[in-house]
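Listed below are the residues making up each chain.
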Amino acid sequence: AKSYEHILTSSPAPGVGLVTLNRPKALNALCSPLILELNDALLAFDADPDIRAIVLTGSDRAFAAGADIKEMKDKTYVDAYKNRFIENWGVLASLRKPIIAAVSGYALGGGCEIALSTDIILASPTAKFGQPEIAIGTIPGGGGSQRLLKTIGKSRTMELVLTGRQFSAHEAERWGIVSKVVREGDGEVVREAIEMAGVIASKSQLAVQAAKEAVNAALDQSLSEGLKTERRLFYGTFATSDQKEGMGAFAEKRQPNFTHS
Ligand code: CO8
């Protein structure tokens, strides 16, 4: 694997790519060099034919404690606007392959927003989410105000964004942000995320990507447009060998052997 300064990458299971944020001294605060490395690693996995699902994690203590406040504190409006500050954080949400966030410890500010930009969030019981920007004189900039509202509604989003209070893994699960709170234990959340990614990686990659695109259409499009998008993608699967293999295997009572073609 390529060597980076602030992240680690590996393939812990067939078809699965793992990115670990690794800036422990700053609780994985998301400085610009870290984001550049993260984007590089994510785009490499997205383009790698041997990878079919991605897991993003941090440490047991911190998924990420937000954008790097020390780097940001003297930034000017002109600099932020001219140089499109944080626009490149959008790479994560543009991936075609599914990405699972395995969150343990702090997921605050930009760390919470990165988790919200993934497709599935698994959380350790120790996970602490929050959009605390209001406490340092600013507001979420990585989609927190928008993505939270789509999932948990206006009143809760307003409460969290206006007070900055942290919320627990169980609250996040109850509200539908997190799909599962895993058992307690170091490394447990990443282990479960790798297992889930392995299940996804065992399916047809083409069907998986089409399914992700269809679900995401519901966030961006009206219901009637979304239904059309879903149907076109569904029709499209009939042009793949994997659909013939999958349905043929069912009819022949055997396991399918997908070739991702
Ligand atoms: N930026 C820079 N350094 C940080 C950050 C951060 N966000 N968070 C922690 N650190 C550093 C600390 O400064 C400290 O460094 P040092 O040892 O050199 O003093 C080290 O990490 C350990 O942190 P603490 O000593 O504070 O550890 P505690 O256990 O006492 O506290 C907390 C942990 C509660 C997580 C605390 O560190 C904290 O409140 N951190 C800041 C959380 C925060 O406000 N995050 C939001 C940042 S703003 C933001 O993310 C805006 C996003 C907009 C763009 C997003 C685009 C997607």
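Looking at an unreviewed UniProt entry, one finds the protein chain named Enoyl-CoA hydratase and attributed to Vararia minispora EC-137.

### A look at the environment of threonine 151
Within the secondary structure, threonine 151 is located in helix H5 (residues 144–152). Relative accessible area serves as the criterion here: at 40%, threonine 151 is assigned to the partly exposed category. Each C-alpha atom, one on threonine 151 and one on tryptophan 175, is 7.5 Å from the other, the two residues being 24 residues apart in sequence. Threonine 151 has contacts with Trp175, Gly176 and Ile177, leaving out every residue within four places of it along the chain.

### Structural notes on the pairing of strand E2 (residues 16–21)
The element E2 is largely enclosed, with a buried count of six among its six residues. Going residue by residue along E2, you find Val16, Leu18 and Thr20 tucked away on one face and Gly17, Val19 and Leu21 tucked away on the opposite face as well. The pairing of strand E1 (residues 7–13) with E2 spans five bridges and is antiparallel. In the strand pairing of E2, leucine 8 is matched with threonine 20. Where E1 folds back onto E2 in an antiparallel hairpin, the turn is made up of two residues, including glycine 15, whose phi is positive at roughly 80°. In the sheet, E2 pairs with strand E3 (residues 53–57) via five bridges, with the strands oriented parallel. Note on E3: the bridge partner recorded for threonine 20 is threonine 57. Traced from E2 through helix H1 (residues 32–47) to E3, the parallel crossover comes out right-handed.

### Examining the confidence of the model for the protein chain
Mean pLDDT over the protein chain works out to 97, with 100% of the residues at or above the 70 mark. Listed scores for the predicted complex are pTM 0.97 and ipTM 0.95.

### Digging into the packing of aromatic side chains
One pair of aromatic rings is described through two measures. These are the centre distance and the angle between the planes. This model, assessed by the stated rule, comprises five aromatic pairs. Ring plane angle 20° and centroid distance 5.6 Å describe the contact between phenylalanine 129 and phenylalanine 167, whose orientation is recorded as stacked. You can see phenylalanine 129 sitting in strand E8 (residues 128–130) and its partner phenylalanine 167 sitting in strand E9 (residues 167–168), a full 38 residues away along the chain. Residue phenylalanine 129 shares its accessibility class with phenylalanine 167, and that shared class is buried. Measuring from centroid to centroid gives 6.1 Å for phenylalanine 234 and tyrosine 235, while their planes differ by 45°, and the two rings are tilted.

### Focus: the environment of valine 215
With respect to the helices and strands, the residue valine 215 is situated in helix H9 (residues 205–220). Along the backbone, valine 215 and lysine 154 are 61 residues apart, and their C-alpha atoms lie at a distance of 22 Å.

### Some words on the packing of H5 against helix H6 (residues 154–163)
Closest axis-to-axis distance for the H5/H6 pair is 7 Å, and the angle between their directions is 145°. Remark: the crossing between H5 and H6 carries right-handed chirality. Contacts between H5 and H6 involve Ser145, Leu148, Leu149 and Ile152 on the former and, on the latter, Lys154, Arg156, Thr157 and Leu160. Partitioned by chemical class, the residues of the contact of H5 with H6 number four nonpolar, two polar and two charged.

### A short note on the site of the ligand
Around the ligand sit 24 residues, and of these Arg61, Ala67, Lys70, Trp89 and Gly110 come closest. At a separation of 3.4 Å, an oxygen atom of the ligand approaches a polar backbone atom of lysine 25. Burial of the ligand by the protein amounts to 68% of the accessible area it has alone, namely 1100 Å². It is helix H2 (residues 69–72) that provides the largest number of residues to the shell around the ligand, a total of three residues. Of the residues belonging to the shell around the ligand, the class tally is 13 nonpolar, five polar and six charged.

### Focus: the sheet that holds strand E4 (residues 62–64)
Judged by pairing direction, the sheet is mixed, and its four strands sit side by side in the order E4-E6-E8-E9 without closing on themselves. The outermost strands of the open sheet, each flanked by one partner alone, are E4 and E9. Pairing of strand E6 (residues 106–108) with E8, which is carried by three bridges, proceeds in the parallel orientation. For leucine 108, the partnering residue across the bridge sits in E8 and is glycine 130.

### Some thoughts on the nonpolar core
With 43 residues, the main nonpolar core has Phe63, Val103, Ile114, Ile121, Phe129, Phe167 and Ile177 as its most contacted residues. Among the elements that take part in this core, H1 stands out by supplying six residues, more than any other. Beyond its immediate stretch of four places on either side in the chain, isoleucine 177 contacts Leu116, Ile121, Leu148, Thr151, Ile152, Phe167 and Ala172.

About the criteria used
Residues numbered from 1 in each chain as written. Predicted model: local features only at pLDDT ≥ 70, side-chain atom pairs only at ≥ 80, totals over all residues. Heavy atoms only, no water. Helix = DSSP H or I, 4+ residues; strand = E, 2+ residues; numbered from the N terminus. Buried < 20%, exposed > 50% of the residue type's maximum accessible area, 1.4 Å probe, protein only. Contact = heavy atoms within 4.5 Å. Pairing = 2+ DSSP bridges. Right-handed = clockwise from strand over helix to strand, strands pointing away. pLDDT = per-residue confidence, 0-100. Phe/Tyr/Trp six-rings, centres within 6.5 Å; stacked < 30°, edge-to-face > 60°. Axes fitted to C-alpha atoms, helices over the stretch in contact; angles between N-to-C directions. Left-handed = near helix turned anticlockwise from the far one by under 90°. Nonpolar A, V, L, I, M, F, W, Y, C, P; charged D, E, K, R; others polar. Near = heavy atom within 4 Å. Polar contact = N/O pair within 3.5 Å; in protein donor to acceptor, adjacent residues only side chain to side chain. Areas by Shrake-Rupley, 256 points an atom, 1.4 Å probe, with all protein chains shown as cover. Core = buried A, V, L, I, M, F, W, Y, C linked by side-chain atoms within 4.5 Å.

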